[in-house]
Amino acid sequence: MTFAEHQKGRVRRAIALAIGVAASACPGALLAANAGDQLYERTLMTAADARCRLFSPTISAALDASRAQARGATLRSGATELQVTALEKRARAKAAGAACDSKDLTLAASRVKKAFEGYSQMLSMTYPGDVSSWKAERSVSATIPVWRLSQPSSFGANRVLFGLAGRTKAVIAVATFENGQRPYVARVILRDTSRTLGPYIDPRSGKNLAGKVAPRNASLVFTAESRDEAPLTLLPTGAKTGLAFRFPPAVAQAMSQLDPREAVVIEFAFAGRGEEDTRKAYIEVGDFAAGMAFLR
């Protein structure tokens, strides 16, 4: 057997795996035991689609959302960021070796289309995490701002909804405070992936999100660009008034690079006597990246 024939056989076997996962795909739920296989196979087909234009935009978006969800499940199962990156690299290399008109790839693509057709038409999706969930909504209003991707959090007697809202998918935190108090600024604080090798997770933290954040000197800090009265459609359930803080779009990109097991901090600052008074809400990263892909 020549080297070329050997490589072709490896590519065929890799695509055969993708055919298997497509035939039994269940995008809404991934088992931790096979999360790595799911990630490999869906990364392979996503890469092949990018090169060969195998799917419609809606199917491509559905497949990419499922790939992002599989990535999160693989990390939750105990794989390191380096291991996940290496697996994705192998999958993309396999996809690069497949001819766009090969019978194996054509069959795999047809199975993917069949498996993801229904999923691509879904208007809403909930992505449960270890502590909290993200709710994604594809429906959008031309006149009324609504949440597209959101997660609620409580801190003391205060509440916040954080995520993406409106047609532009702006990064927003809408918060209500006891006794009508009004912070003068809000910040999103999250791990700087360019200066760290992985998440900071205290093994003793359990479901306490405060034990899943990076130290301040290893974090990016984004200050809200604006503070306004929150529209009624964005308020937490039961709230009558609240403040909406809008953050730079870079927050979403930075958050999508994080480990799903970690958390980000939303810090609200109040004017005090001398020193600044701050209150912190914690948001679980979870499947934020999958939710963003779902909206696409």
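This text goes with the structure placed above it.
Computed from a prediction, not measured in an experiment: that's the story for all the values here.

**Student:** Got a minute to help me understand the state of the cysteines in this structure?
**Tutor:** This structure, assessed with the given rule, holds one disulfide. The disulfide partner of C52 is C100, and the S-S distance across this bridge is 1.9 Å. For the disulfide bridge between C52 and C100, the dihedral angle about the S-S bond is near -70 degrees, and by the sign convention the bridge is left-handed. One end of the pair, C52, is in helix α2 (residues 35–52); the other, C100, is in the loop between α4 (81–96) and α5 (103–120), and 48 residues separate them in sequence.

**Student:** Help me understand the packing of aromatic side chains, please; the structure alone is not making it clear to me.
**Tutor:** Aromatic rings considered in pairs are described by the distance between their centres and by the relative angle of their planes. Counted by the stated rule, this structure contains seven aromatic pairs. When the centroid spacing of 6.4 Å and the interplanar angle of 75 degrees are considered together, the rings of Y127 and F294 count as edge-to-face. With a gap of 167 residues between them, Y127 in strand β1 (residues 124–128) and F294 in helix α7 (residues 288–295) connect regions that are remote in the sequence. Through a chain of ring-to-ring contacts, three or more aromatic side chains come together here, namely F155, F177, F245, F268 and F270. The cationic tip of R138 hangs over the ring face of F294; the distance from NZ or CZ to the ring centre is 3.7 Å. The ring of F270 is capped by R279, whose NZ or CZ atom sits 4.4 Å from the centre of that ring.

**Student:** Looking at this model, I keep getting lost on the nonpolar core. Mind explaining?
**Tutor:** For soluble globular proteins, nonpolar side chains are generally found buried alongside one another. Core analysis: the largest hydrophobic core is formed by 67 residues, its most contacted members being M45, Y127, F162, F247, M255 and F268. Once you skip the residues sitting within four places of it in the chain, M255 turns out to touch W134, F162, L190, V264, I283, E284, V285 and F288.

**Student:** It is not clear to me how the sheet that holds strand β10 (residues 263–270) should be interpreted in this structure. Could you clarify?
**Tutor:** Across a sheet, paired strands are connected by hydrogen bonds in the backbone, their directions being either parallel or antiparallel. Strand order in the open sheet formed by four strands is β7-β6-β10-β11, with antiparallel pairing between adjacent strands. The open sheet has two edge strands with one neighbour each: β7 (219–223) and β11 (277–284). Here the average twist between neighbouring strands, direction ignored, is 25 degrees. Two strands pair when backbone bridges link them, and β10 and β11 are joined in this way by eight bridges, in the antiparallel orientation. Bridge pairing in β11 links F268 to R279.

**Student:** Please clarify how unusual backbone geometry should be interpreted in this entry.
**Tutor:** With a phi close to 55 degrees, R53 is a non-glycine residue in the positive phi region. Inspection of the secondary structure puts R53 in the loop between α2 and α3 (57–76). Despite not being glycine, K169 shows a phi value in the positive range, around 55 degrees. Within the element layout of this structure, K169 appears in the loop between β4 (158–165) and β5 (170–176).

**Student:** Can you walk me through α4 in this structure?
**Tutor:** The α-helix advances 3.6 residues per turn, and as a result positions three or four apart in sequence lie on the same side. For α4, built from 16 residues, the straight-helix expectation of 22 Å at 1.5 Å per residue is met to within 8% by its first-to-last C-alpha distance of 23 Å. Listing the buried residues of α4 in full gives V84, L87, E88, A91, K94 and A95. Buried positions in α4, seen along its axis, are confined to an arc of 120 degrees and lie on one side of it. Turned more than 90 degrees away from the buried face of α4 sit L82, K89, A93 and A96, all of them exposed.

**Student:** When you look at the sheet that holds strand β8 (residues 226–229) in this model, what are you seeing that I'm missing?
**Tutor:** If you walk across this open sheet you meet the seven strands as β1-β2-β3-β4-β5-β9-β8, and the pairing is antiparallel. Every other strand in the sheet has two partners, leaving β1 and β8 as the edge strands with one partner each. When strand polarity is set aside, the average angle formed by the axes of neighbouring strands in this sheet is 20 degrees. The sheet contact formed by β4 and β5 spans seven bridges and is antiparallel. For R159, the partnering residue across the bridge sits in β5 and is T176.

**Student:** Would you explain the packing of α3 against α5 in this entry?
**Tutor:** Packed helices, taken two at a time, are described by the angle their axes make and the gap between the axes. Contact geometry for α3 and α5: axes closest at 9 Å, N-to-C directions at 90 degrees. Taken together, α3 and α5 sit at an angle that is classed as roughly perpendicular. On α5, the residues that touch T58, I59, A62, L63, A65 and S66 of α3 are V112, K113, F116, E117, Y119 and S120. When its residues are assigned to classes, the contact of α3 with α5 shows seven nonpolar, three polar and two charged.

**Student:** Any chance you could explain α2 here in plain terms?
**Tutor:** For α2, spanning 18 residues, the distance from its first C-alpha to its last is 25 Å, which sits close to the expected 26 Å at 1.5 Å a residue. Counting buried positions along α2 yields 14 of 18 residues, so the element is predominantly enclosed.

**Student:** Looking at this structure, I do not really get the packing of α2 against α3. What am I missing?
**Tutor:** Contact pair α2 / α3: the axes reach a minimum separation of 8 Å and the direction vectors enclose 150 degrees. The orientation of α2 with respect to α3, classified from their angle, is roughly antiparallel. Pair α2 / α3 crosses with left-handed handedness. Of the residues in α3, those touching α2 at A35, G36, Q38, L39, R42, T43, M45, T46 and D49 are S60, L63, D64, S66, R67, A70, R71, A73 and T74.

Parameters and conventions
Residues numbered from 1 in each chain as written. Predicted model: local features only at pLDDT ≥ 70, side-chain atom pairs only at ≥ 80, totals over all residues. Heavy atoms only, no water. Disulfide = S-S within 2.5 Å. Helix = DSSP H or I, 4+ residues; strand = E, 2+ residues; numbered from the N terminus. Phe/Tyr/Trp six-rings, centres within 6.5 Å; stacked < 30°, edge-to-face > 60°. Lys NZ or Arg CZ within 6 Å of the ring centre and 35° of its normal. Core = buried A, V, L, I, M, F, W, Y, C linked by side-chain atoms within 4.5 Å. Buried < 20%, exposed > 50% of the residue type's maximum accessible area, 1.4 Å probe, protein only. Contact = heavy atoms within 4.5 Å. Pairing = 2+ DSSP bridges. Axes fitted to C-alpha atoms, helices over the stretch in contact; angles between N-to-C directions. Expected span 1.5 Å × (residues − 1). Arc of directions from axis to C-beta. Parallel < 35°, antiparallel > 145°, perpendicular 65-115°, else oblique. Nonpolar A, V, L, I, M, F, W, Y, C, P; charged D, E, K, R; others polar. Left-handed = near helix turned anticlockwise from the far one by under 90°.

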